[in-house]
Amino acid sequence: MIFDSHVHTVMSCDADTTLQDAIRTAEEKGVGLVITDHMDWDFPAPFPDFRVDLMRFFREYASLRNEQLLLGIELGMTAASTGKCREIAAAYPFDFVLGSVHLVDGVDVYLEPYWADKSYDEAIRRYLETTLEAVRAHEDYDVLGHLTFISKCSGNPRKELLRYEDHKSIMDEILRQLVKGEKGMELNTSGIDRCGGPLPTLDYFRRFYELGGRIVTVGSDAHDTARAGQYTHEMTAELKKIFGYVCTF
């Protein structure tokens, strides 16, 4: 079974997909699902609450868990959230923990205010520095989500993919840290329609493999029903060319 390992439901404040609709879409596309609703702390006002109600999450979803439907979480990683992530990961029976970076210096990189007081290069550099800080500080996750997430952000004035060669030094530090910690890296398909390619692009995965990385997942980052399972088969086939095999993590 091939899985879409990054799917949000109405349990996340920014998603409108019911679990039942996501399951139907996944069945039509022939993929399994890992539900990874948001647990992100410290979003500044007036943002909505990105902390999923985990008691409700397991109360409503646990009975539906099976070989094709797994229950995970997307933890927001900052240097300051290590203790919170450790506590959450230990307290609940997750099948999968995705760690992602959405905030830089307390600001949401997705929106225009993050970009307003920085040059493009400064904005990208600070995001990558924060990602490196996060993977160095955190241990309680399985896979790093959407490494080049910043490419698709609505406030990003260019919406262009980050080339590995343009950021080789810091990217290698991030990838080496993942390998050292026996962590995986996600290929996030949401960038294909938004900025012309997956996040990150396949050259990152070639380098990850060269450095010893062997854990990779594919996630749509679906926040609406139509995107669940989107490009999962196509991107899994591309990754198989690099890694030589496909299995369920």
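It should be noted that the structure appears before, not after, this text.
Heads up: these notes are all about the structure in this document.

Here the focus is the side chain of His102. Within the secondary structure, His102 sits in the loop between strand E5 (96–100) and strand E6 (103–104). A polar contact is formed between the side chain of His102 and the side chain of Glu74, at a distance of 3.4 Å. Engagement of the side chain of His102 in a polar contact is seen with the side chain of His146, the distance being 3.4 Å.

Of the two faces of strand E2 (residues 32–35), the one lined by Gly32 and Val34 and the one lined by Leu33 and Ile35 are each fully buried. Of the pairings in the sheet, the one linking strand E1 (residues 3–7) to E2 comprises 3 bridges and is parallel in character. Each residue of the ladder has a partner; that of Asp4, found in E2, is Leu33. As paired strands, E2 and strand E4 (residues 69–76) are joined by 3 bridges and run parallel to one another. Across the sheet, residue Val34 finds its bridge partner in E4, namely Leu70.

Scanning the model with the defined rule gives 19 salt bridges in all. Across the pair Arg158 and Glu160 runs a salt bridge, and its minimum N-O distance is 3.6 Å. By relative accessible area, Arg158 is classed as partly exposed at 47%. A salt bridge links Asp166 to Arg163, with the shortest nitrogen-to-oxygen separation between them at 3.0 Å. Judged by its relative accessible area of 49%, Arg163 is partly exposed. What emerges from the salt-bridge pattern is a single network uniting Asp105, Arg126, Glu129 and Glu133.

Note on placement: Arg125 falls in helix H5 (residues 120–137). Note: C-alpha distance between Arg125 and His167 (42 residues apart in sequence) is 8.7 Å.

What counts as what
Residues numbered from 1 in each chain as written. Predicted model: local features only at pLDDT ≥ 70, side-chain atom pairs only at ≥ 80, totals over all residues. Heavy atoms only, no water. Helix = DSSP H or I, 4+ residues; strand = E, 2+ residues; numbered from the N terminus. Polar contact = N/O pair within 3.5 Å; in protein donor to acceptor, adjacent residues only side chain to side chain. Buried < 20%, exposed > 50% of the residue type's maximum accessible area, 1.4 Å probe, protein only. Pairing = 2+ DSSP bridges. Salt bridge = Lys/Arg side-chain N within 4 Å of Asp/Glu carboxyl O.

None of this, on its own, says anything about what the molecule does.
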